[in-house]
Amino acid sequence: MRSQTFAKALPMPMVLGLKKRLELLKTKPELRENLWKIATALQNGLRDRGFDLRSTNTMVTPVFLEGELNEATAITMDLRENYGIFCSIVVYPVIPKGLMELRIIPTAAHTLEDVQVTLDAFSEVAGKLKSGFYKEQSAVAV
Amino acid sequence: MGPLGQHQKMAHGYFAFPKLEGEIGPHMKFRGKDHLVWSLNNYLGLANHPEVREADAKAAAEFGLAYPMGARMMSGNSNYHEMLEKDLAEFVGKDDAFLLNYGYQGMVSIIDTLVDRNDVIVYDAESHACIIDGVRLHMGKRFVYQHNDIESCRKQLERATRLAEQTGGAILVITEGVFGMSGAQGKLKEIIALKDEFKFRLLIDDAHGFGTMGKTGAGTHEAQDCIDGVDIYFGTFAKSMAGIGAFVA
């Protein structure tokens, strides 16, 4: 493999740090169990509230909503500025026009309380989106 | 100007290149305010695990960031590099493993290494950019199948088989364990079942699945109970392992 054959080796602290990570990954199944506890609570909660999560069958949690680009940016800003929730937004051309994807990545470090706060916030912003609230918003300089 | 171009002035630093500050975890600061963060692939929460922080600090104090100097082949090999490779291979159920400094570049290079101009690549349409870039380096033919569509994959394998018979080359199928945008698993088991009809090797990019999927966290091939059917397994250290780099096994 040319890009490795002619490249400097990974630095030792990285290698030793990775050995420790692999050891924890193998010996602490509770980390993975907690990830799945959070992912399951989040996805069940979202689906119960009628959100469209498409084809996910893993912990990666995409929430698909209908709306134009300006609504996608406005809803992301509302989530961040008024609900204190930071998630990634995916828009055209990664997904079709007229759709937006708010992508939620659960981790073992989240709590069920974090999930509840997020579910409530998503219900509120989805309601606002449906009512056309974000149509009037333009992404003003912040 | 990209799709966010109309918001370009405010997009930088907000939608693109945002700065998350503070200890890595679910609660970090963005633009000075507390946020509940759902954007990090720190799946197992290892990034800020006290044992990880301690191991990182201890190794940095002992070795510095320079050691070892040079490429593995020439002067940069060590027992620890080899031990990590052995542990990784064993964990994901493969004979051997090789460390990669970067995941993206590693995948590009793996593809480049596995094929020559007579070989044919068949790959999923929604493959990650690193796979697309790797396929671009390929000097022979490639066929793309519709995302996770086994019938489409079969059709492309038929075309690839006809072509490979002419060139005397072999077929490499590439897909992902977990597609990071949609969360869908690649249909590994169904693809492997096609080996009854076609001759090919299967390479999977399990960047998201390594450490998260399967009974022991070995990956999506473990979750789908098809470890042996995956010929070449790629996992990254940038997600559940909360580091940087990758490996191929």
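Scroll up to find the structure this text is about.
First, a word on what this report is: a plain description of the structure on this page. Given the structure is predicted, the values throughout are model-derived calculations rather than measurements.

1. Regarding the interface of chain A and chain B
Next, step 1: Taken together, the contacts link 73 residues of chain A with 88 residues of chain B.
Next, step 2: For the pair chain A and chain B, the summed buried area comes to about 7100 Å², and 66% of that belongs to carbon and sulfur atoms.
Next, step 3: Between Glu 81 of chain A and Lys 33 of chain B there is a salt bridge, and its shortest N-O distance comes to 3.5 Å.
Next, step 4: Inspection of the region where chain A meets chain B yields 32 residue pairs in polar contact (both at pLDDT 80 or more).
Next, step 5: Where the side of chain A that touches chain B is concerned, the elements lending two or more residues are helix H1 (2-5), helix H2 (12-27), helix H3 (29-48), helix H4 (69-83), strand E2 (85-86), strand E3 (88-90), strand E4 (99-104) and helix H5 (112-130) of chain A.
Next, step 6: For the side of chain A that touches chain B, the leading source of residues is H2 of chain A, giving 14 residues.
Next, step 7: In terms of residue class, the side of chain A that touches chain B is made up of 44 nonpolar, 16 polar and 13 charged.
Next, step 8: Sheet topology places E2 of chain A next to strand E3 (residues 33-37) of chain B; 2 bridges connect them, and they run parallel. Pairing of Phe 86 of chain A across the sheet is with Val 37 of chain B, part of E3 of chain B.

2. So, H3 of chain A
For an α-helix, 3.6 residues make a turn, and residues three or four places apart therefore share a direction.
Residue and element names in this part refer to chain A.
Next, step 1: Here H3 is 20 residues long and its end C-alpha atoms lie 28 Å apart, about the 28 Å a rise of 1.5 Å per residue gives.
Next, step 2: For H3, every residue scored as buried is listed here: Leu 31, Arg 32, Leu 35, Ile 38, Ala 39, Leu 42, Gln 43, Gly 45 and Leu 46.
Next, step 3: As for H3, its buried residues are in contact with H2, strand E1 (61-66), E4 and H5.
Next, step 4: Two residues or fewer past H3, Gly 50 is found with a positive phi of approximately 85°.

3. Considerations on the sheet that holds strand E2 (residues 27-30) of chain B
Through backbone hydrogen bonds, the strands of a sheet pair up, either in parallel or in antiparallel fashion.
Next, step 1: An order of E2(A)-E3(B)-E2(B)-E1(B) is seen for the 4 strands of this open sheet, with the pairing classed as mixed. With one partner strand each, in any of the chains shown, E2 of chain A together with strand E1 (20-21) of chain B form the two edges of the open sheet.
Next, step 2: Inspection of the sheet shows E2 of chain B paired to E3 of chain B by 4 bridges, in the antiparallel sense. The partner of Lys 29 of chain B across the bridge, within E3 of chain B, is Asp 34 of chain B.

4. Some points on the pattern of salt bridges
Next, step 1: In the structure shown here, the tally under the stated rule is 17 salt bridges over all chains.
Next, step 2: One salt bridge connects Lys 135 of chain A with Glu 71 of chain A, and the closest N-O pair in it is separated by 3.7 Å. One end of the pair, Lys 135 of chain A, is in the segment after H5; the other, Glu 71 of chain A, is in helix H4, and 64 residues separate them in sequence.
Next, step 3: Residue classification places Lys 135 of chain A among the exposed residues on the basis of a relative accessible area of 54%.
Next, step 4: A residue is classified by how much of its surface remains accessible, and Glu 71 of chain A, at 4% relative accessible area, is buried.
Next, step 5: With a shortest N-O distance of 3.0 Å, Arg 72 of chain B and Glu 85 of chain B are connected by a salt bridge. Of the two residues, Arg 72 of chain B sits in helix H3 (residues 72-76) while Glu 85 of chain B sits in helix H4 (residues 79-92), which places them 13 residues apart along the sequence. For the pair shown, Arg 72 of chain B and Glu 85 of chain B are each scored as buried.

5. Some thoughts on the nonpolar core
Next, step 1: By size, the foremost hydrophobic cluster in this structure holds 60 residues, and its most contacted members are Leu 88, Leu 157, Ile 171, Phe 200, Phe 210 and Phe 247 of chain B.
Next, step 2: Element by element, the count of residues in this core is highest for H2 of chain A, at 7 residues.
Next, step 3: The contacts of Leu 88 of chain B, once residues within four sequence positions are left out, are Leu 22 of chain A together with Ala 97, Leu 99, Phe 210, Phe 237 and Phe 247 of chain B.
Next, step 4: Membership of the second largest hydrophobic core comes to 28 residues, among which are Leu 42, Ile 85, Val 115 and Leu 129 of chain A.

6. As for unusual backbone geometry
For residues besides glycine, phi is generally negative; the peptide bonds are generally trans as well.
Next, step 1: Pro 93 of chain A follows Tyr 92 of chain A through a cis peptide bond whose omega is 10°.
Next, step 2: The topology assignment puts Pro 93 of chain A in the loop between E3 and E4.
Next, step 3: The linkage connecting Tyr 67 of chain B with the following residue, Pro 68 of chain B, adopts the cis geometry, with an omega of -5°.
Next, step 4: Assignment of secondary structure puts Pro 68 of chain B in the loop between helix H2 (50-63) and H3.
Next, step 5: The phi dihedral of Asp 225 of chain B is positive, around 55°, even though this residue is not glycine.
Next, step 6: A relative accessible area of 62% means that Asp 225 of chain B is categorised as exposed.
Next, step 7: The backbone of Ala 242 of chain B shows a phi angle near 50°, a positive value even though the residue is not glycine.
Next, step 8: Mapping Ala 242 of chain B onto the fold places it in the loop between strand E9 (232-236) and strand E10 (246-248).
Next, step 9: When its relative accessible area of 19% is taken as the criterion, Ala 242 of chain B is described as buried.

About the cut-offs
Residues numbered from 1 in each chain as written. Chains lettered and ligands numbered in written order. Predicted model: local features only at pLDDT ≥ 70, side-chain atom pairs only at ≥ 80, totals over all residues. Heavy atoms only, no water. Contact = heavy atoms within 4.5 Å. Buried area = accessible area lost by both parts, 1.4 Å probe. Salt bridge = Lys/Arg side-chain N within 4 Å of Asp/Glu carboxyl O. Polar contact = N/O pair within 3.5 Å; in protein donor to acceptor, adjacent residues only side chain to side chain. Helix = DSSP H or I, 4+ residues; strand = E, 2+ residues; numbered from the N terminus. Nonpolar A, V, L, I, M, F, W, Y, C, P; charged D, E, K, R; others polar. Pairing = 2+ DSSP bridges. Expected span 1.5 Å × (residues − 1). Buried < 20%, exposed > 50% of the residue type's maximum accessible area, 1.4 Å probe, protein only. Core = buried A, V, L, I, M, F, W, Y, C linked by side-chain atoms within 4.5 Å.

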